[in-house]
Amino acid sequence: MISHIAIRDFAIIRELNLDLHPGLNIITGETGAGKSIIIEAISMALGARADTDYIRTGADKASITLTADCEKEAAGLLREEGAPEDDPLVIRRDISAGSRSLCRVNGTIVPLSFLARLCRHVADIHGQYDNQVLLDPANHVDVLDLYGQEDIRKVRGMVSELFQSMTRAKASLDALQRKMADAERRKDLARYELNEIDDAKLSAGEDEALEDDIRLMQHSEEIFRKLSSVYETAYGSDGSALERLSYAMSDLESVAPFSSELSEVSQSFSDAYYALDDLGTQIRRLRDGISFSEEELEEKTDRLDLIDRLKRKYGGSIEAVFAYREKARAELDQIENADEEIESLKSELKLYQEQYGAAADRLSVLRKRAAKLLGDEVDKELRELNFADASLSVSVESCPATEKGRDAVEFLIRTNKGEAFKPLAKIASGGELSRIMLGLKRIIGDLDRIPCLIFDEIDAGISGATAGVVGEKLREIAKTHQVVCITHLPQIAALGDHHYRIEKTSDEISTHTTIVPLSNEQRVEELARLLSGTHITDAAREQARALLKQS
């Protein structure tokens, strides 16, 4: 439901604020007062293309702000767009002469295309403007399915699921067949890469171990010389460091009994001595274990070069080479088993196609049955709305498979006998179109999820009893929807739950439009004006009171 509309510097509107309420909201006013301008402004707020010609003379920009309840469907779209899911929903449209127009939802700038999608869940305008869901044939299948209710809903859900399964199976089959077109080359390459890695017989950490061995071998002569020098100095010759340390250890041991501190020092020195003695064994083993072979160095260098080449080719490390091997093995297995997988996918796709076809055929039968019932019911509504010769035909024709089935649904209308049925969008008269929409909404109004319906020009070409029928149907729809109706007819205006009058005033400089809610007595005066024109008579006032009392 729309709760508030604020319009600034739009055409002849300087500043206009309108609070709307649940039920039937009626807007009246003299011809030229600006009623259609308000509808145009609301239409732009709901996502229609901006027209800078509507910017008020002397202003830099026009703005329309619309506040509405955030319905469940609208909240879902906001979530997808990343806009705040505030309730109420605040939609603002700024139309600037010198720069691009901006659309904001809850303070966040959004594309116009998103605004138009969002506002389909806010309001539906019926009249001479273009923000009409029912004028787009793409929506007609959804309207018909709404009318068909449970039977159609269940089968359509099945059709949707089978279409998605069919689409996934076909995508998998197409991808595998494309891959198989290059399979022989890929198979030879995968087998070559697999053999190359397997023949290398790599082990984890082998490259690091080889680097250590090669570094050792390349400096073996220097290492042998240095180790020999260290051993001779510390252990090997008369007067070696270890021999002299043994005398020092004996001296310490001789004085150790004299104090606990000397005992501790002596013990620590002994530990160091024996550790150094053990280290001599290790140094001698390392020295004696050094050998140098040109052949072994070359062999290890070649092995490291092989590993480095595989690392560069397959990922940068031995672990990456192993991972690449697993990938190549899996790809080779898939190629070698592809014929079997292709046949399996073909069988799966065929099964889904058969199931989809059966479900889509069943859906078509249900839709054609519902189309006949809907057409008959709308025809009855049209006769009550003074369209005695009008008729609605719901066309259900075959089309390529989609998630919604294989039916192209379109509402066609004939307004006079002998004429051909034409698409709703081709109906020339805004008033005729509004009443046709009213008939449709009267039937499907409880089923759709659009909370606010706005009717403009709905009273064009009707009067008397027909006006009363139109008003009653508007009131009936208003039990489940918020309805905003611009009218010139007192029979319709009298049925409103809330009544507003648009007034145009002029001074020496400019003209501007305002809107005011009417009290009961003001409504009498306005209805009397609609009944008698500019000269309001007492008889017109009495008739206006009678209309209000009757309503």
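Quick summary incoming for the structure in this document. (Residues numbered from 1 in each chain as written. Predicted model: local features only at pLDDT ≥ 70, side-chain atom pairs only at ≥ 80, totals over all residues. Heavy atoms only, no water.)

What follows deals with the overall build of the protein chain. Within the protein chain, the regular secondary structure consists of 17 helices and 15 strands. Against the compact-globule benchmark of 24 Å for 551 residues, the protein chain has a radius of gyration of 45 Å, which places it well outside the compact range. Seen through its C-alpha atoms, the protein chain measures out along the principal axes to roughly 145 × 70 × 45 Å. Residues classed as buried in the protein chain amount to 44% of the 551 residues present. Pairs at least 24 apart in sequence give 69% of the contacts found in the protein chain among residues at least 6 apart. For the protein chain, the computed accessible surface area is about 28,600 Å², with 49% contributed by carbon and sulfur atoms. The averaged location of the 100 negative side-chain charges in the protein chain is 10 Å from the averaged location of its 71 positive side-chain charges. (Helix = DSSP H or I, 4+ residues; strand = E, 2+ residues; numbered from the N terminus. Rg over C-alpha atoms; globule rule 2.2 N^0.38 Å. Buried < 20%, exposed > 50% of the residue type's maximum accessible area, 1.4 Å probe, protein only. Contact = heavy atoms within 4.5 Å. Areas by Shrake-Rupley, 256 points an atom, 1.4 Å probe, with all protein chains shown as cover. Lys, Arg positive; Asp, Glu negative; His and termini not counted. Charge placed at Lys NZ, Arg CZ, Asp CG, Glu CD.)

Next up on the list: the packing of aromatic side chains. Think of a pair of aromatic rings as described by two things: how far the centres are apart, and how the planes are tilted against each other in angle. Across all of its chains, the model carries 4 aromatic pairs by this definition. Measuring from ring centre to ring centre gives 5.9 Å for Phe163 and Tyr356, while their planes differ by 50°; the resulting arrangement is tilted. Placement of Phe163 in helix α4 (residues 140-181) and of Tyr356 in helix α12 (residues 338-384) is noted, with a sequence separation of 193 residues between them. For the pair formed by Phe163 and Tyr356, the shared burial category is buried. Judged by centre distance (4.7 Å) and plane angle (40°), the ring pair of Tyr314 and Tyr324 falls under tilted. Of this pair, Tyr314 sits in helix α10 (residues 294-314) while Tyr324 is found in helix α11 (residues 318-336), placing the two residues 10 residues apart along the sequence. With relative accessibility at 4%, the residue Tyr314 sits in the buried group. (Phe/Tyr/Trp six-rings, centres within 6.5 Å; stacked < 30°, edge-to-face > 60°.)

Attention now goes to the sheet that holds strand β10 (residues 405-414). Pairing in this open sheet of 3 strands is antiparallel, and the strands run β9-β10-β11 from one edge to the other. Of all strands in the sheet, those with a lone pairing partner are β9 (391-402) and β11 (422-423), marking the two edges. Its contacts with the sheet place α4 against β9 and β10, and it is angled at close to 170° to β10. Each of β9 and β10 touches α12; the most contacted strand, β9, lies at about 165° to it. (Pairing = 2+ DSSP bridges. Axes fitted to C-alpha atoms, helices over the stretch in contact; angles between N-to-C directions.)

Counted residue by residue, helix α1 (residues 35-45) has 10 buried out of 11 residues, so it is predominantly covered. Of all the residues in α1, the buried ones are Lys35, Ile37, Ile38, Ile39, Glu40, Ala41, Ile42, Ser43, Met44 and Ala45. Of the residues one or two after α1, Gly47 is the one with positive phi, at around 115°.

With that settled, the discussion passes to the nonpolar core. Judged by nonpolar contacts, the single largest core of 71 residues is most densely connected at Phe411 and Leu474. The contacts of Phe411, once residues within four sequence positions are left out, are Leu134, His140, Val143, Leu144, Leu374, Leu392, Ser393, Val394, Lys422, Pro423, Leu424 and Leu440. Ala11, Met44, Leu89 and Cys103 belong to the second largest nonpolar core, which has 51 residues in total. (Core = buried A, V, L, I, M, F, W, Y, C linked by side-chain atoms within 4.5 Å.)

In total, this model carries 34 salt bridges according to the counting rule given. The partner of Arg367 in a salt bridge is Asp407, and the shortest N-O contact between them spans 3.0 Å. Of this pair, Arg367 sits in helix α12 while Asp407 sits in strand β10, placing them 40 residues apart in sequence. The pair formed by Arg367 and Asp407 is uniform in burial state, with each residue classed as buried. (Salt bridge = Lys/Arg side-chain N within 4 Å of Asp/Glu carboxyl O.)

Another point: the side chain of Thr487. Relative to the assigned elements, Thr487 resides in the loop between β13 (482-486) and α15 (490-493). When its relative accessible area of 0% is taken as the criterion, Thr487 is described as buried. Of the polar contacts made by the side chain of Thr487, one reaches the backbone nitrogen of Leu489; its length is 3.0 Å. What Thr487 contacts, discounting residues up to four positions off in sequence, is Ile26, Ile27, Thr28, Asp459, Ile492 and Ala493. (Polar contact = N/O pair within 3.5 Å; in protein donor to acceptor, adjacent residues only side chain to side chain.)

On to the sheet that holds strand β5 (residues 89-96), then. Strands sit in the order β2-β1-β4-β5-β6-β7 across an open sheet of 6 strands; the sheet is antiparallel. Of all the strands in the sheet, the pair left with one neighbour each is β2 (13-19) and β7 (108-110). Averaged over all pairs of adjacent strands, the angle between strand axes in this sheet comes to 15°, irrespective of strand direction. Here 6 bridges tie strand β1 (residues 2-10) to β2, and the two strands are oriented antiparallel to one another. Each bridged residue has a counterpart across the sheet, and for Ile7 the counterpart in β2 is Leu16. Each of β1, β2, β4 (61-68) and β5 touches α1; the most contacted strand, β1, lies at about 105° to it.

Applying the stated rule across the entire model yields 0 disulfides. Left unpaired, Cys103 is separated from the closest cysteine sulfur, that of Cys119, by 8.9 Å. The exposure class of Cys103 is buried, given its relative accessible area of 4%. No disulfide involves Cys485; its sulfur sits 12 Å from the nearest other cysteine sulfur, which is in Cys452. (Disulfide = S-S within 2.5 Å.)

Treat this as a map of the structure, not an account of what it does.
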